[in-house]
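Single-letter residue listing:
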Amino acid sequence: MTHKAVRYVTKSTAAAAGTIATAASSVAAAAVAASIVLSPVADASTRMEGVQADLQRAVQLNQITEEQALRFEAKLAGRILGEA
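Residues numbered from 1 in each chain as written. Predicted model: local features only at pLDDT ≥ 70, side-chain atom pairs only at ≥ 80, totals over all residues. Heavy atoms only, no water.

Draft legend 1. Molecular detail of the overall build of the chain. When you go through the chain residue by residue, the secondary structure sums to three helices and zero strands. In the chain, the succession of α and β elements from N to C terminus is α-α-α. When the 84 residues of the chain are sorted by exposure, 12% land in the buried category. Accessible surface, the chain as shown: approximately 6,700 Å² in total, 64% of it carbon and sulfur. (Helix = DSSP H or I, 4+ residues; strand = E, 2+ residues; numbered from the N terminus. Buried < 20%, exposed > 50% of the residue type's maximum accessible area, 1.4 Å probe, protein only. Areas by Shrake-Rupley, 256 points an atom, 1.4 Å probe, with all protein chains shown as cover.)

Laid out in structure tokens, this is it:
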């Protein structure tokens, strides 16, 4: 096989693999979106418990300070509990 033919096959294979990976990513994203849309909506107290757990985890990982977590939780509580 000539050098040109090898290069063509290599590029074609890489392009096909990229197309397949993109299609797989799209399918996965659609599946996640569908599961979110079709999942039941949690009540306000359950949502706040999740927010508290996520913020506590972020504090433990030193991603945010305790003060930032409290301010953010208060802001979200106003929005989440205001909707209920």
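We are not done yet, so read on.
Draft legend 2. Molecular detail of the pattern of salt bridges. Under the criterion given, the structure shown has one salt bridge. Here Arg 57 ties to Asp 54 by a salt bridge, and the two come within 3.0 Å at their closest N and O atoms. Remark: Asp 54 and Arg 57 occur in helix α2 (residues 44-60); sequence separation between them is three residues, near one turn of the helix. A relative accessible area of 46% means that Arg 57 is categorised as partly exposed. (Salt bridge = Lys/Arg side-chain N within 4 Å of Asp/Glu carboxyl O.)

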